[in-house]
Structures are given as C-alpha cells and as structure tokens.
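This is what each chain is made of:
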Amino acid sequence: EIIAWIRDWIASNCAVEPTSFDVPLEELKHDPRFPGIEVHRASFPGVWAEVSGGLAGPRVLLLGHADVVPPGELDSWDSNPFEPVLRDGKLFGRGSADMKGGLAIAMTIFETVCKRSDRSRMRGTLVLAAVSSEEDGGAGCVAAISRGLRTDLCIIPEPTGFESDYGKSVVHGLGQVEPPPSLVVAHAGSVTLTITVHGKQAHASSRLDGICALTKLRIVLDALQAAEQAVNEAEDDPLMQIMKLPYPTSVGIVRGGDWASTVMGEVQIQVRVGVSIHETVEQAVERTQAAITAACQEDEWLRHHPPLVQVTGGRFDGSRTDPKHPLVGVVSASHEKVFGGAPHIR
C-alpha cells in the first residue's frame, strides 16, 4: 500500500511518470544478485521516477525503503507502534526514523527539483526510488535493478546519528543537543546464518544418558563471541574504528526442544554476523565456520557431531566510499549551510 501511495503521490505532485514494478519471488530468486530473504513474500514491489536538467551530468539516486522490522514487545511502547504520534516535537511510530522520515525528505527534495523553473541550468538527473525488503537483505533494490534502475551516485537518507555509537552528544547550529550528525561513507555488511546443534535425546529421568544440545550450544556461542572480538580488534580503518563495535554478531532467534521431560536433542539459532569492509560475505561465512569448527574440536561430542552452519537470510557486503569523493564534499557542504556545521564523516 505504501509503495502504491508513493507512486500516486509522484504522479500527482511531481508531474512525471513513475516506473512501478512488482517482481515475483520465483523470478528474482534466480538472479545471481539475489541476497536472500528472511520474511516470506510472494513479490517485491517498488517505484522510481526521475527528473533531468538541461545540462549533462551524473544520475543521482535518492533511495529509500518502505518496509519496517517488527515492533517487538508492545508493552514497551507508550502508544500503538503503527499509529504515528507526535510528542514533544518528535514523531513516534514503527519506521518513523527507519526510514519513513528519510523517505519523506527524499520525496520532498524530488518534488522541489521537479517544480524548479530553472531546470535547464541543472546538471544531470535526479532519481527517486522507494523499494521493499530492505530490512531482510535488500532484495527490493535488486528487484529495481532487475527492472532497469541505473544510477551513477546514490544517497540513502537513513538515520545515522546514534548516541550509543559514540557515547556523546553535540550541539549543532540550530542549538539543539543531539547525537552527532553523521555522513556515513563506510559501513559494515551482514549475513544471516542458521546454526543447528545436535544433541542426543533421552528422558529427563535418565538425563545422563542424553546429550543436551542447549549445553553444547554454549560452545558455539563462545566461538561466535571470540570471532566477533577478533574481527573487531583487527579493524584499522579510522572510519570504522570510531564505532564502539563495528562488526557485531547477534543471536536473534533461538528454537529448541519439544518436551520439558526430554533432554533437548536439537537447538537452532539464527545469527546476524557483521561483514567487515575488508572481506566478502563468503569470506565472513568461512571465518565464522572456521571459528566454530575449531571450538568444536575441543569437545568430544561436537567433534563427531559438528553443528550445521547455513546461510539462510539476507546478506550484503560492506562498503566504503573515499571521504574525498566529490559527492561527500557536496553533501557535507550542504549540511553545513543548513545546520551551521559540517557533519561527522564516518
């Protein structure tokens, strides 16, 4: 519904004809660029539109996504997460920051450019795109590319100023105390793994006859933690070192057991592993597998019954743009003009 609304908004407010698409999963999953998904869906809708100036120049994409992650525990919300609420000048609701706010800004910029009377003096083409399935790997953007979306440069207005990342706040030109505004030019990648640990079932009254998979999972978790520590301690790029934890590994889902009176015979976890800017997704999977294999050699049971590690969800490489790239300079200068100070580049 949101993608359809954006399509109609573009047509009625910007006087340009949008390109809409809805790529079936059965088609996209055969694309070699398909990054996988973590939420079942039959297709990947999206829309883009473009407006050109009168002079030659690059195609610049303003890219946003319309999907959101689940709201989590509803009791932790002060209001319905899917009903926007204004409190103290801030908008609260699932997706207000990630990234309906940024998408609305991109739409406003696009509309402003479309309505300029002096576009004949503008260089290049501005493209606005809204996609789905960003939160679980980026398949929506791959769908747009499969339908012909092409650009030279890309700006993604995601939220980037997080106090927890830096441990401090700043006062910018508007006089408001906030987390430091950031222009992100380097970021980690990610890969979602499903790891299955097998034990040996037995009745709880004969627990010593079984092998508890949950107990063996501790060895795998320790290996994941050690691998996380190693990849973060090895990072030497200042753009990533500024983060407290550039490449986090996080266990998001744990499933195991089928009866309280049965020794757990299998436990399965879904893990998000950070991908360094110095490696590919495949290399990140290999080093994670190697860390688990090495740890399991120290355990008699796991040495003969190794955990199964599978790539089952979204995946994407990290990225780094030279901070001296002209686009970085232009965006930084624009930020300084509006807010009275340059953003923190990281």
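Scoring rules and cut-offs
Every chain's residues receive numbers from 1 upward, in the order its sequence appears when written. Where totals are concerned, whole chains, interfaces and linings use all residues; where local detail is concerned, this predicted model gives features only for residues with pLDDT of at least 70, and gives and counts side-chain atom pairs only at 80 or more. With hydrogens and water excluded, all non-hydrogen atoms of the structure serve as input to the side-chain values. By this definition, two strands are paired if DSSP reports at least two bridges between them. Helix and strand labels come from DSSP, where a helix needs a run of H or I of at least four residues and a strand needs a run of E of at least two; each type is numbered from the N terminus. To define axes, lines are fitted to C-alpha atoms, for helices over the stretch in contact only, and angles between the resulting N-to-C directions are given on a 0 to 180 degree scale. Each angle is binned into one of four classes, with values under 35 degrees roughly parallel, values over 145 roughly antiparallel, values of 65 to 115 roughly perpendicular, and all other values oblique. Each helix crossing is assigned a hand: it is left-handed if the near helix lies turned anticlockwise from the far helix by less than a right angle, otherwise right-handed if that turn is clockwise. We call two residues in contact when some of their heavy atoms are within 4.5 Å. Ten residues, namely Ala, Val, Leu, Ile, Met, Phe, Trp, Tyr, Cys and Pro, are considered nonpolar, four, namely Asp, Glu, Lys and Arg, are considered charged, and the remaining ones, Gly among them, are considered polar. A residue's pLDDT is the predictor's confidence in that residue, given on a scale from 0 to 100. Buried means the residue's accessible area, taken with a 1.4 Å probe over protein chains only, is under 20% of the maximum for its type, while exposed means over 50%, and partly exposed covers the values in between. Multiplying 1.5 Å by the residue count of a helix minus one yields the expected span of that helix. Throughout, the arc means the angular range of directions from the helix axis out to the C-beta atoms. Throughout, the protein atoms alone are placed on a 1 Å grid, and a set of points is a cavity if a 1.4 Å probe fits but cannot get out or a pocket if it is open with protein on both sides within 12 Å along at least five of seven lines; lining residues have an atom within 4 Å of a point. Grid points are joined across faces, edges and corners, and a volume is the space filled by probe spheres set on the points. Any pair of N or O atoms that falls within 3.5 Å is considered a polar contact. Within protein, one atom must be able to donate a hydrogen and the other to accept it, and sequence-neighbouring residues count only if both atoms are side-chain atoms. Ring geometry is summarised as follows: Phe, Tyr and Trp rings, the Trp one being its six-membered ring, pair when their centres sit within 6.5 Å, and such pairs are stacked at plane angles under 30 degrees, edge-to-face over 60 and tilted between the two. Definition of nonpolar core: a set of buried residues of the types Ala, Val, Leu, Ile, Met, Phe, Trp, Tyr and Cys, connected through side-chain atoms within 4.5 Å.

1. Describing the sheet that holds strand S3 (residues 55-65)
And then number 1: Here five strands make up an open sheet; going across it, the order is S1-S2-S6-S3-S7 and the pairing mixed. Every interior strand has two partners, whereas the edge strands, strand S1 (19-24) and strand S7 (153-155), have only one. Taking the axes of each pair of neighbouring strands and ignoring which way they run, one obtains an average angle of 25° across the sheet.
And then number 2: Here eight bridges tie S3 to strand S6 (residues 123-131), and the two strands are oriented parallel to one another.

2. A short note on the packing of helix H1 (residues 2-13) against helix H3 (residues 96-114)
And then number 1: Viewed as axis vectors pointing N to C, H1 and H3 meet at an angle of 20°, and their least axial separation amounts to 11 Å. As far as their axial angle goes, H3 and H1 are roughly parallel. Relative to H3, the crossing made by H1 is right-handed. Contact residues: Ile2, Trp5, Ile6, Trp9, Ile10 and Asn13 in H1; Lys100, Leu103, Met107, Phe110 and Glu111 in H3.
And then number 2: Looking at side-chain class alone, the contact of H1 with H3 contains eight nonpolar, one polar and two charged residues.

3. A look at the confidence of the model for the chain
And then number 1: Taken residue by residue, the chain gives an average pLDDT of 92. The fraction at 70 or more is 94%.
And then number 2: Low pLDDT (under 50) marks residues 164-177, which in the prediction has 35 contacts with non-local residues, meaning those over four places away or in another chain.

4. Details of helix H4 (residues 139-146)
And then number 1: Those residues of H4 that sit buried are Ala139, Gly140, Val142, Ala143 and Ala144.
And then number 2: In this structure, the buried side of H4 is in contact with S1, helix H2 (25-28), strand S2 (43-52) and S6.
And then number 3: A positive phi of about 110° marks Gly148, the residue just after H4.

5. Quick word on the packing of helix H6 (residues 213-233) against helix H8 (residues 281-296)
And then number 1: Running from N to C, H6 and H8 cross one another at 135°; their axes reach a closest spacing of 9 Å. Our classification of the angle between H6 and H8 gives oblique. For the element pair H6 and H8, the recorded crossing hand is right-handed. Facing H6, whose interface residues are Ile219, Val220, Ala223, Leu224, Ala227 and Val231, H8 presents Arg287, Thr288, Ala291, Ile292 and Ala295.
And then number 2: Residue classes in the contact of H6 with H8 are distributed as nine nonpolar, one polar and one charged.

6. Things to note about H8
Note: α-helices contain 3.6 residues per turn, so residues at a spacing of three or four share the same orientation.
And then number 1: Its 16 residues give H8 an end-to-end C-alpha distance of 23 Å, which sits within 8% of 22 Å, the value for a rise of 1.5 Å per residue.
And then number 2: Considered for burial, the residues of H8 that qualify are Val281, Ala284, Val285, Thr288, Ile292 and Cys296. The buried side chains of H8 occupy one side of the element, clustering within an arc of 105° when seen end-on. Residues of H8 that are exposed and point more than 90 degrees away from the buried face comprise Glu282 and Glu286.
And then number 3: Where H8 is buried, its residues meet strand S12 (189-198), H6, strand S14 (266-275), helix H9 (300-304) and strand S15 (308-316).

7. Structural notes on the layout of surface pockets
The probe, sized like a water molecule, is rolled over the atoms to show the empty space still left.
And then number 1: Each pocket or cavity is described by its volume, and for the second largest pocket that value is around 270 Å³.
And then number 2: What lines the second largest pocket is Ile2, Pro81, Phe82, Glu83, Pro84, Leu91, Phe92, Gly93, Arg94, Gly95, Ser96 and Lys100.
And then number 3: Breaking the lining of the second largest pocket down by element, the ones donating at least two residues are strand S5 (90-92) and H3.

8. Digging into the side chain of Asp237
And then number 1: Checked against the element boundaries, Asp237 lands in the loop between H6 and helix H7 (238-241).
And then number 2: A polar atom in the side chain of Asp237 sits 2.8 Å from the backbone nitrogen of Leu239.
And then number 3: The residues touching Asp237, leaving out its near neighbours within four places in the chain, are Ile277, His278 and Arg320.

9. So, the packing of aromatic side chains
And then number 1: Counted under the stated rule, the structure contains two aromatic pairs.
And then number 2: Summarising the aromatic geometry, the rings of Phe21 and Trp48 are spaced 5.9 Å apart at their centres and angled 50° between planes, so their arrangement reads as tilted. Of this pair, Phe21 sits in strand S1 while Trp48 is found in strand S2, placing the two residues 27 residues apart along the sequence.
And then number 3: Taking the relative accessible area as the measure of exposure, Phe21 reaches 9% and is therefore buried.

10. Some remarks on unusual backbone geometry
And then number 1: A cis amide bond, omega -10°, links Asp98 with the succeeding residue Met99.
And then number 2: By the secondary structure assignment, Met99 is in helix H3.
And then number 3: One non-glycine residue, Ala15, lies in positive phi territory at about 55°.
And then number 4: As for its placement among the helices and strands, Ala15 is situated in the loop between H1 and S1.

11. Considerations on the nonpolar core
And then number 1: With 23 residues, the main nonpolar core has Val191, Leu193, Ile195, Val197, Val220, Leu224 and Ile292 as its most contacted residues.
And then number 2: At the level of secondary structure, the elements contributing two or more residues to this core comprise S12, H6, S14, H8 and H9.
And then number 3: Sequence-distant contacts of Leu224, defined by excluding residues within four places in its chain, comprise Ile195, Thr249, Ile269, Val271, Thr288 and Ile292.

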